[in-house]
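Residue-level listing of the chains:
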Amino acid sequence: MTSNRSRTFVLGEKKEMVESTYLALDGANAVSHAMRQINPDVVAAYPITPQTAVVQNFSQFVADGTVDTEFVPVESEHAAMSACIGASAAGARVMTATSANGLALMWEMLYIASGMRLPIVLTVVNRALSSPLNIHCDHSDSMGARDAGWLQLYAETGQEAYDNTIQALRIAEDSDLLLPVMSCQDGFITGHGVERVGILPDQTVQDFVGQYVANYSLLDVENPVTMGAWDFTDYYFEHKRQQSQAMNESMPIVEAVSAEYEKLSGRPQPIIDTFAMDDAEVAVIVLSSAAGTTRSVVRDLRNKGVKAGVVKPRLFRPFPAQRIVDAIKNCKAVAVLDRAISFGSPDGMGPLFLDVTSALYNAGACDVPVIDFIFGLGGRDMTPPMVESVYDQLMQIRDTGDRGDIVRYVGLRG
Amino acid sequence: MTDRIRVNLRDIVNNEERLVPGHRLCGGCGEPTIVRQILHAIDTPVVLSTATGCLEVSTSVFPYTSWNVPWIHSAFENAATTISGAEAAYKALKRRGNLPVDEEITFIAFGGDGASYDIGFQFISGALERGHKFLYVCLNNEAYMNTGIQRSSATPRGAHTTTSPAGEVIPGKVQWRKPFTRIMAAHDIPYVAQAAPHNYRDLMRKVKKAVAVDGPAVLNILAPCPRGWRHASDQTMAITKLAADTCYWPLYEVENGHKFTVNYKPREKQPVAEWFKTQGRFRHLFRPANEWLLEEIQAKVDEEWAQLLHDEECSS
């Protein structure tokens, strides 16, 4: 092992676009193919619905010798992240996957992974947290981990889940960053939904992710390091400030990796995806798969002459505040769609709404009326008529100037 | 004691110290002595993980470290899992040519009895079942000492701790200690042993044997705590010797889950009360009203010792 290294990757290096092969894959399968192509040193994982397919497929790749990863079939998700931490501290390239309660069980270790600056990639197939028990999609799991010091990417489709997984690794391992990354997609909706997914050639992915060489490794016995030390009041604060600063300064790294991947794959990789926003009067901000439904409704509304638009952040941590403000600052009414509730926040707002309104306030753009819609908890479908009702309510605010209830529900009975 | 493995003192004193002086463990604490005995018994480079606890907080006060070897602490319950991740990385990187093929590293996880018997129990069991090649060491001081002497499932029946206090109605801890060593052996792993630091030759021989097997090994080592046990700090070794002489803490090993060997049989088995007398945590047991409890504990120690001798006889 070498204890010093130059940058692993040269950002902005010129690469020609490479043709993808198109396969019929569900989102979980698409992610397991990304993992196969990355061929990480260590994967430690535990099965949970709806992430199961990721672990199952990857186990098959190991059994067939398609990858030569050391697969650690642990006895819990807490152990999964614990083993990932040990492996990453030993200088390995490490990945894992989980959902819902599994992510909740990892919670203690999420903070330890980010605090130790270990570039672990965790693919999350979003599912509702218990109780009551529910295996279907919402964002309560990963939103509960939004302050854990992990970058978070959210995918709208299986294609994006595949693309984000590959980029997540490059972002995490960038020697100027070294933070773990969570790559999320919607359970069942995209996780189990079969679609046309473009897969890059294996060698292209291998070249893109390059070889990871850790700055420090437990296995470098000639240069012993102490990891996970005990910080008193005299150092802890500074270390946390450094960690926060790393997250704050991560945006250019995400942008550079995204730009390079965009060039390579020919697929756009915006930090926030905007649709029909140039002259939009009424707009919706939404993460993940519901963005597709929303975009389809916007097409119909545009045909009817309504100036409607959609903003879909691909990145939630770090929060792309300025981009979102720039996208919506001229709108006359904006709705945030939240697939999770921050219990006990004012009126029970959703986490995305809290960050969007905070960004507007801090940018001095307080004139835009924004409301929050809680939707889709526990896998409740978000249908086009529901999205239409959101835009109807926005048009009412646009026309009357009356913001009305700030937190609303869509798709809820009674 | 038919093993050919020998512990040569001359070699040991010339070895480099891997846990160096300057750490902040208490005077008389059994842990640093045991850790040094273990690390001196191993010839290869080592990678260590340590559970949250006395050993961890006393040796890694940032920006200082007492460790002359690679060392990681991640959390309380997962020292075994953390080291299993490092061992998996070692296998992967070696296979891929990113580490020299001939580089032999010994992986060790240290945890206290709280980390081993209680909160980390599942994690150890999982790591043993998966068969990682590592040594798990329980530094057993029979309570949560780092947080101020709370009871664990290693705390013996009758002992006073801050969460099993000897009161007017209840005479200390009510429950028996968990048979951790036997449960570890029941995983059918290559090597499990119980040891104590006064018999360093036995302890170090067990370490050598443990790291030589192809698979996981567990050592459960009695580690006196002058603060929690209430004894003078110069009595540590005398106390563990008495633990072995009373058969309260038998020195034995179990190979492959079934082959029992008792490594020390006292010429004259002492009453367990002799061991209790050395420690303030058992003082209340000598009140006349608690005589029945002392008798009950003696009967349990006798029964367990007889069972151990029986197991040895059956496996020979």
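Residues numbered from 1 in each chain as written. Chains lettered and ligands numbered in written order. Predicted model: local features only at pLDDT ≥ 70, side-chain atom pairs only at ≥ 80, totals over all residues.

1. Looking at the overall build of chain B
And step 1. The number of helices and strands found in chain B is 12 helices and eight strands.
And step 2. Relative to a compact globule of 316 residues, whose C-alpha radius of gyration would be 20 Å, chain B shows 19 Å and is just as compact.
And step 3. Each principal axis of the C-alpha atoms in chain B carries an extent, and together these give about 70 × 50 × 40 Å.
And step 4. For chain B, the residues scored as buried account for 52% of the 316 residues in total.
And step 5. Taking the intrachain contacts of chain B between residues at least 6 apart in sequence as the baseline, contacts between residues at least 24 apart amount to 70%. (Helix = DSSP H or I, 4+ residues; strand = E, 2+ residues; numbered from the N terminus. Rg over C-alpha atoms; globule rule 2.2 N^0.38 Å. Buried ≥ 20, exposed ≤ 12 C-beta atoms within 10 Å, placed from the backbone. Contact = placed C-beta atoms within 7 Å.)

2. Section: the overall build of chain A
And step 1. From N to C terminus, chain A includes 13 helices and 16 strands.
And step 2. Relative to the globule expectation of 22 Å for 414 residues, the C-alpha radius of gyration of chain A, 21 Å, shows essentially globular dimensions.
And step 3. When the backbone C-alpha atoms are referred to their principal axes, chain A occupies close to 70 × 55 × 45 Å.
And step 4. Counting every position in chain A, which comprises 414 residues, the buried fraction comes to 54%.
And step 5. For chain A, contacts bridging at least 24 residues in sequence account for 81% of all contacts bridging at least 6.

3. Here's the deal with the interface of chain B and chain A
And step 1. Taken together, the contact pairs 38 residues of chain B with 40 residues of chain A.
And step 2. The set of elements that each furnish at least two residues to the side of chain B that touches chain A consists of β1 (46–50), α3 (54–59), β2 (71–72), α4 (79–95) and α6 (121–130) of chain B.
And step 3. For the side of chain B that touches chain A, the residue count by class is 21 nonpolar, 13 polar and four charged.
And step 4. Relative to β2 of chain B, strand β9 (residues 226–227) of chain A runs parallel, the two sharing two bridges. Within β2 of chain B, the residue paired with M227 of chain A across the bridge is I72 of chain B. (Nonpolar A, V, L, I, M, F, W, Y, C, P; charged D, E, K, R; others polar. Pairing = 2+ DSSP bridges.)

4. A few points about the confidence of the model for chain A
And step 1. Confidence along chain A averages 96 in pLDDT terms, with 96% of residues attaining 70 or more.
And step 2. Overall, residues 1–12 of chain A carries pLDDT values under 50, and its contacts beyond four positions in sequence, including any with other chains, amount to 25 contacts. (pLDDT = per-residue confidence, 0-100.)

5. Focus: the domain arrangement of chain A
Interface size is commonly expressed as the accessible area that is lost once the parts come together.
Residue and element names in this part refer to chain A.
And step 1. We note that the domain assignment places domain 1 (21–265) and domain 2 (272–410) within chain A.
And step 2. Relative placement of domain 1 and domain 2: their C-alpha centres are 28 Å apart.
And step 3. Across the contact, 26 residues belong to domain 1 and 18 residues belong to domain 2.
And step 4. At the level of elements, α5 (140–144), β6 (151–155), β7 (181–186), α8 (236–248) and α9 (251–265) are the ones that each hand at least two residues to the side of domain 1 that touches domain 2.
And step 5. For the side of domain 1 that touches domain 2, the leading source of residues is β6, giving five residues.
And step 6. Partitioned by chemical class, the residues of the side of domain 1 that touches domain 2 number 13 nonpolar, nine polar and four charged. (Domains from an automatic or database assignment.)

6. A short note on the packing of helix α3 (residues 77–89) of chain A against helix α4 (residues 100–115) of chain A
All names here are of chain A.
And step 1. Interaxial distance between α3 and α4 falls to 7 Å at its minimum, and their mutual angle equals 25 degrees. In terms of axis orientation, α3 runs roughly parallel to α4. Here α3 and α4 pass one another in a crossing that is right-handed. Facing E77, H78, A80, M81, S82 and I85 of α3, the residues of α4 in contact are G102, L105, M106, M109, L110, I112 and A113.
And step 2. For the contact of α3 with α4, a count of residues per class yields nine nonpolar, three polar and one charged. (Axes fitted to C-alpha atoms, helices over the stretch in contact; angles between N-to-C directions. Parallel < 35°, antiparallel > 145°, perpendicular 65-115°, else oblique. Left-handed = near helix turned anticlockwise from the far one by under 90°.)

7. With respect to the environment of L139 of chain B
Residue and element names in this part refer to chain B.
And step 1. Note that L139 resides in strand β4 (residues 135–140).
And step 2. Looking at L139, the number of C-beta atoms within 10 Å reads 30, which means it is buried.
And step 3. C-alpha separation for the pair L139 and P63, spaced 76 residues apart in sequence, amounts to 25 Å.
And step 4. If near-sequence neighbours (up to four positions away) are discounted, L139 is found in contact with E31, I34, L55, F110, G112, I221 and A223.

8. Re the sheet that holds strand β11 (residues 282–286) of chain A
Residue and element names in this part refer to chain A.
And step 1. Read from one edge to the other, the open sheet built from six strands follows the order β10-β12-β11-β14-β15-β16, with strand pairing classed as mixed. Of all the strands in the sheet, just β10 (272–275) and β16 (407–410) have a single pairing partner and so form its edges. With strand direction ignored, the average angle separating the axes of adjacent strands in the sheet is 25 degrees.
And step 2. Pairing of β11 with strand β14 (residues 333–338), which is carried by five bridges, proceeds in the parallel orientation. Considered in β14, the bridge of V282 is made with A333.
And step 3. Packing against the sheet, helix α10 (residues 290–303) makes contact with β10, β11, β12 (308–313) and β14, and its axis sits at approximately 165 degrees to β12.

9. Observations concerning the pairing of strand β3 (residues 106–112) of chain B
Consecutive side chains along a regular strand alternate between the two faces of the sheet.
And step 1. Extensive coverage of β3 of chain B is indicated by the burial of seven of its seven residues.
And step 2. What you see with β3 of chain B is no split at all: T106, I108, F110 and G112 of chain B on one side and F107, A109 and G111 of chain B on the other are buried throughout.

10. Quick look at the nonpolar core
Soluble globular proteins: nonpolar side chains tend toward being buried together.
And step 1. A87, A283 and I285 of chain A together with A89, V137 and I221 of chain B are the most contacted members of the largest nonpolar core, which has 221 residues in total.
And step 2. With residues up to four places along the chain from it excluded, the contact list for I285 of chain A reads V311, I324, V334, V336, L337, L352 and V356 of chain A. (Core = buried A, V, L, I, M, F, W, Y, C linked by C-beta atoms within 7 Å.)

11. Digging into the sheet that holds strand β5 (residues 191–195) of chain B
Backbone-to-backbone hydrogen bonds pair the strands of a sheet. The strands run either parallel or antiparallel.
And step 1. The strand order across the open sheet built from nine strands is β9(A)-β2(B)-β1(B)-β3(B)-β4(B)-β6(B)-β5(B)-β7(B)-β8(B), with neighbouring strands paired in mixed fashion. Only two strands of the sheet have a single neighbouring strand rather than two, namely β9 of chain A together with β8 (259–262) of chain B.
And step 2. For β3 of chain B and β4 of chain B, the ladder comprises five bridges, and the chain directions are parallel. Counted as the bridge partner of A109 of chain B is Y136 of chain B from β4 of chain B.
And step 3. The strands that helix α12 (residues 291–315) of chain B touches are β7 (252–255) and β8 of chain B; relative to β8 of chain B, the one it contacts most, it runs at about 125 degrees.

12. Some words on the pairing of strand β6 (residues 217–222) of chain B
Residues and elements named next belong to chain B.
And step 1. For β6, the buried fraction is high: six of the six residues fall into the buried class.
And step 2. Side chains A217, L219 and I221 of β6 all project onto a buried face; the interleaved residues V218, N220 and L222 project onto the opposite face, where all are buried too.
And step 3. In this sheet, β6 lies alongside β4 in parallel orientation, the contact comprising six bridges. Looking across to β6, one finds that L135 is bridged to A217.

13. Thoughts on helix α1 (residues 27–38) of chain A
All names here are of chain A.
And step 1. Counted at 1.5 Å a residue, the expected span for α1 with its 12 residues is 16 Å, and the 17 Å between its end C-alpha atoms agrees.
And step 2. The element α1 is largely enclosed, with a buried count of 12 among its 12 residues.
And step 3. Remark: N39 follows α1 within two positions and exhibits a positive phi of approximately 55 degrees. (Expected span 1.5 Å × (residues − 1).)

14. Details of the confidence of the model for chain B
And step 1. Of all residues in chain B, 99% have pLDDT values of 70 or greater, and the mean over the chain is 96.
And step 2. Both scores are available for the predicted complex, with the pTM at 0.96 and the ipTM at 0.97.

15. What to know about the environment of V336 of chain A
Residue and element names in this part refer to chain A.
And step 1. Here V336 is to be found in strand β14.
And step 2. Taking the C-alpha atoms as reference points, V336 and A168, 168 residues apart in sequence, are found 25 Å from one another.
And step 3. With residues near it in sequence (within four places) discarded, V336 still touches I285, G350, L352, F353, V356, V370 and D372.

16. A few points about unusual backbone geometry
And step 1. Cis geometry is adopted by the peptide bond preceding P318 of chain A, which originates at R317 of chain A and carries an omega value of -5 degrees.
And step 2. Tracing the sequence through the fold places P318 of chain A in the loop between β13 (315–317) and α11 (321–328).
And step 3. The peptide bond linking F62 of chain B to P63 of chain B adopts the cis configuration, its omega dihedral lying at 5 degrees.
And step 4. Residue position: P63 of chain B is located in the loop between α3 and β2.
And step 5. If you check the backbone angles, D347 of chain A has positive phi at about 60 degrees while not being a glycine.
And step 6. The class for D347 of chain A is exposed, based on 10 C-beta atoms found within 10 Å.

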